[in-house]
Amino acid sequence: MPMKRFYTLLLLLTLATTGLHAQQYRTSYFMEGSTMRTRLNPALRSDRGYILFPTLGDLSVNLNSNALTFNTLFYPVGNGRIASLFDSRIDWATVEPHLANMNKISVDLHAALLGAGFYTPIGYWTVELSLDAVGGVNLPKSLVEFTKQGSRATAYEMGGLSVGTDLSVTLSAGYSRRITDELTVGGRINFIGGLARANVTYNRLDATLNSDTWSIAADGTLTASLNGLRKADHLINEEGYITGDQLNAGTLLQNMKGLAGFGMTFDLGAEYVLFDRFKFSAALLNLGFLSWNPNHTVKGRSEASYELEGYSYEYDPSTGEWVSDGSGSTSLNLDGRFKETAAGKTRTKMYPGVVLGAEYDIFGNRLLNAGMLFTHRRNEYYGRTEFSISATVHPIEWFTASLSYAVGNYKCIGDNFFSSFGFALNFHTGWINLFLGTDYLVFNVNPQFIPLNQRAVNFNFGLSIPLGRPHEGWH
């Protein structure tokens with residue numbers, strides 16, 4: 001179905017490209033050799049200049065959920081096999097306790113396409129061209145039950161269902177200057193080009209069973225922005241409804257003509273050294289806006305009331321299962337239910353981020369440093385507030401390792417309290433700078449190395465070519 005293809009596209013964008021500046025990188029914050037640390041505080045510097053490897057220079061992927069894990073989605077069915085929660089062999093009583101009333105997933109990605117950092121007599125400069133994206137899905141438990149159970153209940157309230165994603169390309173320029181031997185300040189400006197934005201949200205989505213017919217009452221909105229979107233064939237039918245007959249990934253990429261939105265944000269930071277052993281740092285991030293051009297935006301509203309035929313079930317006592325007679329459908333066909341409205345102004349909400357850090361050089365020779373870090377970051381789909389402690393070792397000039405422990409919560413996905421360990425390695429020799437790290441170590445995996453009960457997973461990778469000699473970062 002056309003609109004189903006549209007929802008599929010949203011899900012693929014969310015799960016495969018995954019916002020805007022949502023990455024934490026906190027485990028790398030106190031690692032002077034890391035090129036990534038400047039993203040959390042533009043006053044911080046790598047110990048050398050560098051040129052990023054294209055697409056591999058600074059790569060971060062983050063996945064967060066309040067309830068959904070591998071063990072929530074898949075269940076054992078015997079003989080070492082597993083099946084998804086929608087498999088008929090998995091009953092609802094097994095699945096239901098593992099789901100929250102609202103199951104939320106957020107995915108984000110940062111990939112530096114090109115980038116460099118370099119020292120000059122007047123300071124330290126960075127420039128980067130990156131792909132940034134963010135996505136989120138809000139999935140009501142009632143919708144999962146409706147899909148799995150069908151007409152075993154007579155009414156379902158599925159409001160709150162939403163799927164959304166933003167994709168953008170960002171050109172960043174940063175500058176860090178040492179004002180005195182103790183004080184360093186820095187700033188970064190980010191020019192954001194909006195590539196695509198899509199969001200579907202249902203404030204109300206009720207299904208009521210009358211005999212063998214479902215009555216559907218919906219109140220939802222659809223917003224999509226893409227340069228060339230309005231050139232897609234049959235996007236709006238004669239009655240003014242968004243049908244999206246050609247709204248699929250191939251056609252959208254074919255029709256993309258450039259940017260659909262523009263934005264600008266600023267990051268500010270400072271670092272202060274006290275008594276040669278203490279460092280204090282602070283940053284304020286993501287101050288700005290991102291607006292989408294009405295000429296490249298389509299909006300729709302669904303206030304539909306319609307009917308669809310439901311399944312008829314009979315109980316089979318020999319198997320203990322409810323069996324459908326094969327008639328009808330419980331598929332929520334929402335194709336053509338959004339009537340076009342005036343595009344108007346569309347903005348991606350920007351939320352300022354706060355970073356506070358303190359570090360102590362235990363032996364006075366940078367061999368072992370202890371750090372404390374507070375970070376608060378947020379976007380439209382989720383937010384993190386974390387407090388972490390870390391130990392960073394620098395046994396030789398070209399190698400640094402860091403171990404962190406954090407506590408905090410996810411404000412936007414259920415106020416879930418969490419704790420986690422992070423670990424990072426940084427090899428910064430004269431010819432290569434390689435960074436590997438995660439803020440959420442995984443301790444329980446299956447034979448395919450898929451995390452089983454992990455609700456937050458991220459991975460950070462950096463690869464660059466060093467420039468020049470090391471610069472002393474502590475003093």
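Residues numbered from 1 in each chain as written. Predicted model: local features only at pLDDT ≥ 70, side-chain atom pairs only at ≥ 80, totals over all residues. Heavy atoms only, no water.

Notes on the side chain of Arg 45
Relative to the helices and strands, Arg 45 resides in the loop between helix 1 (2–17) and strand 1 (49–52). Among buried charged residues, Arg 45 stands out as having no salt bridge; its nearest opposite-charge side chain is Glu 271, 6.8 Å away. For Arg 45, the side chain forms a polar contact with the side chain of Ser 176, separated by 3.1 Å. Once residues within four sequence positions are removed from consideration, Arg 45 is found in contact with Glu 32, Arg 37, Tyr 119, Gly 123, Tyr 124, Ser 176, Arg 177, Arg 178 and Thr 184. (Helix = DSSP H or I, 4+ residues; strand = E, 2+ residues; numbered from the N terminus. Buried < 20%, exposed > 50% of the residue type's maximum accessible area, 1.4 Å probe, protein only. Lys, Arg positive; Asp, Glu negative; His and termini not counted. Salt bridge = Lys/Arg side-chain N within 4 Å of Asp/Glu carboxyl O. Polar contact = N/O pair within 3.5 Å; in protein donor to acceptor, adjacent residues only side chain to side chain. Contact = heavy atoms within 4.5 Å.)

With respect to the pairing of strand 20 (residues 353–361)
Across a regular strand the side chains alternate sides, sitting on one face of the sheet and then on the other. One ladder, built from eight bridges, connects strand 13 (residues 278–292) with strand 20; its direction is antiparallel. Along strand 20, the bridge assignment pairs Ala 282 with Leu 356. As judged from the eight bridges shared by strand 20 and strand 21 (residues 368–378), these two strands associate in the antiparallel manner. Bridge pairing links Val 354 to His 376 in strand 21. Counted between consecutive antiparallel strands, the loop separating strand 20 from strand 21 contains six residues, among which Gly 364 sits at a positive phi close to 80°. (Pairing = 2+ DSSP bridges.)

As for the nonpolar core
If you look at the biggest cluster of nonpolar residues, it comprises 25 residues, and the most contacted ones within it are Met 158, Tyr 202, Leu 205 and Trp 214. For this core, the elements supplying multiple residues, two or more each, are helix 4 (141–149), strand 9 (183–210) and strand 10 (213–226). Element by element, the count of residues in this core is highest for strand 9, at seven residues. Judged by nonpolar contacts, the second largest core, of 13 residues, contains Phe 30, Met 36, Val 355 and Phe 435. (Core = buried A, V, L, I, M, F, W, Y, C linked by side-chain atoms within 4.5 Å.)

Overview of the pairing of strand 2 (residues 59–65)
In the sheet, strand 2 pairs with strand 5 (residues 102–120) via seven bridges, with the strands oriented antiparallel. Across the sheet, the residue bridging to Leu 63 is Val 107, located in strand 5. As judged from the six bridges shared by strand 2 and strand 26 (residues 456–467), these two strands associate in the antiparallel manner. Counted as the bridge partner of Val 61 is Phe 459 from strand 26.

Examining the pattern of salt bridges
Two side chains of opposite charge can pair, provided their charged atoms sit close to one another. Using the criterion set out here, one finds 10 salt bridges in the structure. With a shortest N-O distance of 2.8 Å, Lys 141 and Glu 96 are connected by a salt bridge. Taken as a pair, Lys 141 in helix 4 and Glu 96 in the loop between helix 3 (92–95) and strand 5 lie far apart in primary sequence, 45 residues in all. Classification of Lys 141 by relative accessible area gives buried; the value is 13%. The class of Glu 96 is partly exposed, set by a relative accessible area of 29%. Arg 197 is the partner of Asp 166 in a salt bridge, and the nearest nitrogen-oxygen pair spans 2.8 Å. Of this pair, Asp 166 sits in strand 8 (residues 162–178) while Arg 197 sits in strand 9, placing them 31 residues apart in sequence. A single burial state applies to Asp 166 and to Arg 197, both of which are buried. Three or more residues joined by partner-sharing salt bridges are found here, namely Glu 32, Glu 271, Lys 279 and Arg 366.

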